Amino acid sequence: MMRNILLFFVFFLSFLSARSQALSQEKQFLTWFFTAGQNKNKKNFLYVPEQTKYTTDNLRKTILKDTLKSTWGTADKLVLTKKEKDYVKKSIDKMESDISLNDIFPNAKIIAQDTLDMYFEKYKPLGWEMLYNKNIHGFYSLNTPIFLRKGTVCIFQYGYYCGSLCGNGEIAVYVKDKTGWKYFFNLSNWVS
């Protein structure tokens, strides 16, 4: 009995340690992404932590392939092993909504997807105008970063929305070397 309790305790501590390491990895990547990466540092911004069916379906369609290739026609590519592909599929299937930018940027604020849906449904076609009146001039939609190869490769999807014809987003591959994270190549992008 005591042995079972001890085994459970060791398993539980291992789980907490692995989750803590994953959160630290996410925090490190997101800090780089919003400060030194593709985006300018935003001291105050809104984000939607929930994944929608559309964004996870788009992610699934784009990255569940044996070879991920750049959309820009360059030779850049990433060949996934079967084990990596299975891991990516499982990661997408269980995407969590617990991305918290508040640990990175104290002034970051969450806006709930159902709040946005209400504005866009209730005030058609004036949803953005109503959001602007509430001092909401844009927001990010983020997916949980997917790390491969001992945390040296990251697949990340984001979108930035700032109006009916204002926004951009992409799914991209990033790599980490001795100096830190670097943009590797684009898998899918959109601009409005």
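Quick look at the structure, then. (Residues numbered from 1 in each chain as written. Predicted model: local features only at pLDDT ≥ 70, side-chain atom pairs only at ≥ 80, totals over all residues. Heavy atoms only, no water.)

### Quick look at the environment of Gly180
Formally: Secondary structure elements follow DSSP: runs of H or I no shorter than four residues count as helices, runs of E no shorter than two count as strands, and numbering proceeds from the N terminus. Only protein chains enter the area calculation, which uses a 1.4 Å probe; residues under 20% of their type maximum are buried, those over 50% are exposed, and those in between are partly exposed.
Among the structural elements, Gly180 can be located in strand E9 (residues 180–191). Residue classification places Gly180 among the buried residues on the basis of a relative accessible area of 17%. Taking the C-alpha atoms as reference points, Gly180 and Trp32, separated by 148 residues in sequence, lie 8.4 Å from one another.

### Concerning the pairing of strand E8 (residues 166–177)
A regular strand carries its side chains on alternate faces of the sheet. Heads up, the rule is: Two strands qualify as a pair provided DSSP detects at least 2 bridges between them.
In the sheet, strand E7 (residues 153–163) pairs with E8 via ten bridges, with the strands oriented antiparallel. Note that in E8 the partner of Gly159 across the bridge is Gly169. Where E8 and E9 come together, ten bridges link them in antiparallel fashion. By the bridge assignment, Glu170 is partnered in E9 with Asn189. Count of turn residues in the E8/E9 antiparallel hairpin: two residues.

### Re the state of the cysteines
Keep this limit in mind: The disulfide definition used here is simple: a pair of cysteine sulfur atoms within 2.5 Å.
Evaluation of the coordinates by the stated rule reveals one disulfide. The residue that forms a disulfide with Cys162 is Cys166, at a sulfur-sulfur distance of 1.8 Å. Torsion about the S-S bond of the Cys162 and Cys166 cystine: about -85 degrees, corresponding to left-handed handedness. For Cys166, a relative accessible area of 30% translates into the label partly exposed.

### Observations concerning the pattern of salt bridges
Counted only if it meets this: Salt bridges are counted wherever a side-chain nitrogen of Lys or Arg sits within 4 Å of a carboxyl oxygen of Asp or Glu.
Under the definition given, this model contains nine salt bridges. For the salt bridge of Asp66 with Lys85, the shortest nitrogen-to-oxygen distance reads 3.2 Å. Of this pair, Asp66 sits in the loop between helix H2 (53–63) and strand E2 (67–69) while Lys85 sits in helix H3 (residues 82–93); the two residues are 19 residues apart in sequence, bridging distant segments of the chain. With relative accessibility at 25%, the residue Lys85 sits in the partly exposed group. Between Asp86 and Lys82 there is a salt bridge, and its shortest N-O distance comes to 3.1 Å. Placement of both Asp86 and Lys82 in helix H3 is noted, with a separation of four residues, approximately one turn of the helix. The partly exposed category is assigned to Asp86, whose relative accessible area is 34%. Salt bridges linked by common partners bring Lys53, Asp57, Arg60, Lys89 and Asp93 together as one network.

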